[in-house]
Amino acid sequence: MPTSQETIEQLANKDYKYGFISDVEEERIEPGLNEDVVRLISQKKKEPEWLLDWRLKAFGLWKEMTEPVWHNVKVKPVDYQNITYYSAPKNQPKLNSMDEVDPEVKATFDKLGIPLEEQKMLSGVAVDAVFDSVSVATTFKDKLAELGIIFSSFSEAVQEHPDLVRQYLGSVVPASDNFYAALNSAVFSDGSFAYIPKGVRCPMELSTYFRINAAQTGQFERTLLVADDGATVSYLEGCTAPQRDENQLHAAVVELVALDSATIKYSTVQNWYPGDKDGKGGIYNFVTKRGKAMDNAKITWTQVETGSAITWKYPSCILQGDNSVGEFYSVAVTNNHQQADTGTKMIHLGKNTTSTIVSKGISAGFGQNTYRGLVRIGKNAKNARNFSQCDSLLIGDQCGAHTFPYLEVRNTSSQVEHEASTSKVDEDQIFYCRQRGLSTEDAVNMIVNGFCKEVFRELPMEFAVEAQKLLGVSLEGSVG
Amino acid sequence: MLEVRNLHASIGGRVILNGVDITVKAGEVHAIMGPNGSGKSTLANVLAGREEYEVNSGTVSYDGSDLLEMEPEERAREGVFLAFQYPVEIPGVNNAYLLKAALNEVRKHRGETELDAMEFMTLVKERMNVLEIDQELLNRPVNDGFSGGEKKRNEIFQMIVLEPRLAIMDETDSGLDIDALKVVAQGVNALRSPDRSTIVVTHYQRLLNHIVPDFVHVLSNGRIVKSGGKELALELEEKGYGWIEDATSVPASA
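Listed as interface residues are 20 residues of chain B and, on the opposing side, 17 residues of chain A. Taken together, the elements giving at least two residues each to the side of chain B that touches chain A come down to α2 (72-77), β7 (90-94) and α3 (95-109) of chain B.

Right, here's the structure in full:
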């Protein structure tokens, strides 16, 4: 016999649940994956025939593939037939004011210093008329359009710029690349598309003003960025605010195309739900990110990975053109029972290509942090240069740090350097800071931020400030 | 200001302090001397609140409060400053950044407004004139790649900016050449005032030529075995620590 309290709770939950589902019912399909589902997704999105064919081909490849097992993470088996592959954009329940938001979530927002209006949007609170996201977005879109810059959702781009999408989709990450990339190619939900025309320098950080909308693109996100000859663009992905999702598996694909003398800077802050303190729940983030740089082009990946139960991600550069440059700056944090296997691949094909890898792994609690990196210098990549630096920081004695660098050099004129270090946040450093008046938490924060400095300075200013705070929140309770 | 009564302390089960008694009044400078292993650094670390040291018995009262009950950062905010014998390196953390955070913690505790970057730099430049400190030192990571002398100078510089009420110098003179020694002394003397006190822990008398103490205590086997005025330091210099140890090893009943 349930107590009255339980009954009330059940009732409350039920109402919430029903209210939620009735809105989206007709836009949700049965779990499971087969050719019909792929056709249905394409049809719902009113996609052209060529894209459906592309998806179907990817699906055919995926069926023949098996999940990779080489990584240094323990993954519970994913039942791919128990995933729903299409649902319309989520309708979050609308709240009337910030008072209705979960106090814990609100506290995190405050710690991160997220502006109030953004907090409201993130938590689904009706937004004041003064700050209308749609109108802000439109203003920026007009400004971008004047310069010929295209920036839209992936689905929109398929409708409005099919030739561009068709030309570059899968040109950097083919569907056959790996298990998760093939899956994404078959069923991708939505994502972003950007094209910067020849010689244009994009006047703003793309997605700064759109990141809230971008947070709801679903579990199989697809992003394609093309910078034409001499173009420059800086793109921000993700959000420091904690992101929860019903879907456990996230398999995104990001492709960057930097044509001759173009520059693309791609910065990510990832804070997906990491699971609880005992390691229950949490998102599996299996992402394929790769960029192709033509003559004199430059691609910079900067990532701050603090969330997810499992992170599996290797933002890479194919340095195809002569004198092209690839950079990878990464901070990956694993606390509690989080696992990360992340790093990069720098594939040097052109002459005088250079790449830089700076990876900072922080492990706390029972976290396991793996750096995996490949530097491959082809036989035609004369005078190629690579510098790699992999530093690991351990907090406590239950966590682990692992480094797997792979170097393949196929000519004699190239230089590859690799430096690695592992250190602990030591008691003496903490005591020193405390003796100067800082709390233990602030001391750890300061030491960890110092450790990550080389990566943070690559981030756009306002993002860097949030990322520093995020690191503090992620490591809360890891010492003492 | 500080009253240490019958303090017993140990580290890793080894007893180091065997009943130390010291009283430091506001405005006084006390020197604590003694041979290696006598417990000088242990005393300094216990006063700062280092957790590896276990206080077995005794009391320490600071301005009437129980110092031993306070967390290290509370002691610091209340004005207890330890100039470390071996200042640690914190790679990647800007020296000025740590100092600003420390100063603002102290100010917050005192109910004063926190300084912004501009105000902080103005203050720092003003204090820099007291010591011969290169501004470049401020922009480097905390003690990272500093020479021994630079590390000690940096400790003194932090002290000058934080203006502690009780400064404890743990063998700040060790490994310093005469010029650096003078800079350290300059810093300590600049802070001398009727409401501030200093404890200078040292092995050698030479620092006391530059920082003239009001009292000198000799620590031996974890206990103060002799106290006196500044002339005691000279006597020690002349006769060595053996003199004290010989004198005190004679049983009291003899």
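So, next bit.
All names here are of chain A. Packing of helix α2 (residues 35-44) against helix α3 (residues 49-64) brings their axes to within 10 Å, and their N-to-C directions diverge by 150°. On the basis of their axis angle, the class for α2 and α3 is roughly antiparallel. In this structure, α2 crosses over α3, and the sense of that crossing is right-handed. Contact with α2, carried on its side by Glu35, Val38, Arg39 and Ser42, involves Leu51, Leu52, Arg55, Leu56 and Phe59 of α3 and no other residues of that element. In terms of residue class, the contact of α2 with α3 is built from five nonpolar, one polar and three charged.

All names here are of chain A. Its location among the elements puts asparagine 383 in the loop between β15 (368-377) and β16 (385-394). For asparagine 383, a count of 16 C-beta atoms within 10 Å puts it in the partly exposed group. Distance from asparagine 383 to methionine 65, taken between C-alpha atoms, is 37 Å for residues 318 residues apart in sequence. If sequence neighbours within four positions are ignored, asparagine 383 has contacts with Lys351, Asn352, Ser413 and Ser414.

Residues and elements named next belong to chain B. Taken in spatial order, the four strands make up an open sheet running β2-β1-β4-β5, and their pairing is antiparallel. The open sheet terminates on both sides in strands that have one partner only, identified here as β2 (14-24) and β5 (65-66). Judged from the eight bridges that link them, strand β1 (residues 2-11) and strand β4 (residues 53-62) form a sheet pairing that is antiparallel. By the bridge assignment, alanine 9 is partnered in β4 with valine 55. Sheet contacts for helix α1 (residues 40-48): β1, β2 and β4; angle to β4, the most-contacted strand, approximately 65°.

What follows is about the confidence of the model for chain B. Residue and element names in this part refer to chain B. Per-residue confidence for chain B averages 89 on the pLDDT scale, and 96% of its residues sit at or above 70. Ignoring residues within four places in sequence, the model shows residues 250-254, a span with pLDDT below 50, making zero contacts including any to other chains. In the predicted complex, the global pTM is 0.80; the interface-specific ipTM is 0.94.

Cut-offs used in this document
Residues numbered from 1 in each chain as written. Chains lettered and ligands numbered in written order. Predicted model: local features only at pLDDT ≥ 70, side-chain atom pairs only at ≥ 80, totals over all residues. Contact = placed C-beta atoms within 7 Å. Helix = DSSP H or I, 4+ residues; strand = E, 2+ residues; numbered from the N terminus. Axes fitted to C-alpha atoms, helices over the stretch in contact; angles between N-to-C directions. Parallel < 35°, antiparallel > 145°, perpendicular 65-115°, else oblique. Left-handed = near helix turned anticlockwise from the far one by under 90°. Nonpolar A, V, L, I, M, F, W, Y, C, P; charged D, E, K, R; others polar. Buried ≥ 20, exposed ≤ 12 C-beta atoms within 10 Å, placed from the backbone. Pairing = 2+ DSSP bridges. pLDDT = per-residue confidence, 0-100.

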